[in-house]
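Structure at a glance
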Amino acid sequence: MSKELSYLEAIREALVEEMRRDPKVFVLGEDVGAYGGAFGVTQGLFEEFGEMRVIDTPISESLIVGASIGASLRGYRPVAEMQFADFISCGFDQIVIRAPSGGNVGGGLYHSQNPEAWFIHRPGVKVVAPSTAWDAKGLLKAAIQDDNPVIYFEHKYLYRRAKGPVPEGDETVPLGVAAIRREGRDATVLTYAAMVTPSLEAADRLSKEGVEVEVIDLRTLLPYDKNAIFASVEKTNHVLIVHEDTRTLGVGAELSAVIMEERFESLDAPVMRVTYPDTHPPFSHVLEQACLPNADTITEALRKLAAY
């Protein structure tokens, strides 16, 4: 059974179901209570679960982190919300953190960052980044139920734009398992979160030119699905990595290194990347659009890769 929800609604439903399932699950963060969250994700939770389980905190990320760690040591399962992922740097030791990340919303330097690379460098932490409403719900439920620290990056641009079926009931999406969003034989795109949609659009364009591109949604960035990645590399022999974070030492650099080290003989071309440039997100919508990877830049890179 499934029903149609937006990305945002799927996150809210996951929270509600997990709080109903387990009385030790609670939510805390800035404005998550009566206000319903900066983006409306937690609307209705305060009315159903009350102030003891939907806790408004001061504007202090370090307080949110410390309180969550203390609660987790007492056997609770706190779901901490960083109002913006840009201010998450004090949250490395959290049990579960929800962090609205990403750009294309005109938020500028301190409200548009993609800090996932900070956390995939931390052993013992799991990092997820859903791209669909189905995964937004299923991965959050899996994160809450996991006994390890999980950082859950929900992309702001997808909140009300990504809509689709979501599982009803207790079905989860397993952590560490990628999804093949499009089958292909000529090139592989590895991507996640908001970059899945333009990657699929680029793949559709290339299909009309006789190039079939396989698009893999990583979903979990740590641990990432090596089996799915390597199987696709062995099939297509060409790899393009697409992510919204900046280029240098990002997720793409790690994936490229692993592919080159362990599947070099399967490659017919260098591993390529399409990313945000090494610059801070601008407030200007025009400048931001010029920086963000899109279907045009991904298509251009795929043509170059296929012709190598």
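So, a few notes on the structure that sits alongside this text. (Residues numbered from 1 in each chain as written. Predicted model: local features only at pLDDT ≥ 70, side-chain atom pairs only at ≥ 80, totals over all residues. Heavy atoms only, no water.)

**Some remarks on the side chain of Gln-83**
Mapped onto the elements of the fold, Gln-83 is located in the loop between strand 4 (77–81) and strand 5 (96–101). Polar side-chain contacts of Gln-83 include one of 3.2 Å to the side chain of Asp-31. (Helix = DSSP H or I, 4+ residues; strand = E, 2+ residues; numbered from the N terminus. Polar contact = N/O pair within 3.5 Å; in protein donor to acceptor, adjacent residues only side chain to side chain.)

**Some points on the nonpolar core**
Grouped together as the largest cluster of nonpolar side chains are 37 residues, with contacts concentrated most on Val-127, Ile-229 and Ile-259. Listed by contribution, the elements that provide at least two residues to this core are strand 2 (25–29), helix 3 (61–73), helix 4 (116–120), strand 7 (150–155), strand 12 (220–222), helix 7 (226–236), strand 13 (239–246) and helix 8 (251–262). Looking at this core, the element that brings in the most residues is helix 8, giving four residues. The next biggest cluster of nonpolar side chains, apart from the first, holds 34 residues, and it includes Ala-10, Met-19, Ala-136 and Leu-140. (Core = buried A, V, L, I, M, F, W, Y, C linked by side-chain atoms within 4.5 Å. Buried < 20%, exposed > 50% of the residue type's maximum accessible area, 1.4 Å probe, protein only.)

**A short note on the sheet that holds strand 14 (residues 272–276)**
One open sheet holds the five strands; their spatial order is 9-11-10-13-14, and the pairing between them is mixed. Because the sheet does not close on itself, it has two edges, and the strands there are strand 9 (179–182) and strand 14. Taken over all neighbouring pairs, the strand axes of this sheet differ in orientation by 25° on average, direction set aside. The pairing of strand 10 (residues 187–191) with strand 11 (residues 213–217) spans five bridges and is parallel. Pairing of Thr-191 across the sheet is with Asp-217, part of strand 11. Sheet contacts for helix 8: strand 10, strand 13 and strand 14; angle to strand 13, the most-contacted strand, approximately 155°. (Pairing = 2+ DSSP bridges. Axes fitted to C-alpha atoms, helices over the stretch in contact; angles between N-to-C directions. Contact = heavy atoms within 4.5 Å.)

**Quick look at the pairing of strand 11**
Counting buried positions along strand 11 gives five out of five residues, so the element sits mostly inside the fold. What you see with strand 11 is no split at all: Val-213, Val-215 and Asp-217 on one side and Glu-214 and Ile-216 on the other are buried throughout. Across three bridges, strand 9 lies against strand 11 in antiparallel orientation. Its bridge partner lying in strand 11, Ala-179 is registered against Asp-217.

**Some points on the packing of helix 1 (residues 7–21) against helix 5 (residues 133–145)**
The relative placement of two packed helices is expressed as an angle between their axes plus a distance between the axes. Across the interface, helix 1 lies against helix 5 with an axial gap of 8 Å and an inter-helix angle of 30°. One finds that helix 1 runs roughly parallel with respect to helix 5. Here helix 1 runs over helix 5; the crossing is right-handed. In contact with Tyr-7, Ala-10, Ile-11, Glu-13, Ala-14, Leu-15, Glu-17, Glu-18 and Arg-21 of helix 1, helix 5 contributes Ala-133, Ala-136, Lys-137, Leu-140, Lys-141, Ile-144 and Gln-145. (Parallel < 35°, antiparallel > 145°, perpendicular 65-115°, else oblique. Left-handed = near helix turned anticlockwise from the far one by under 90°.)

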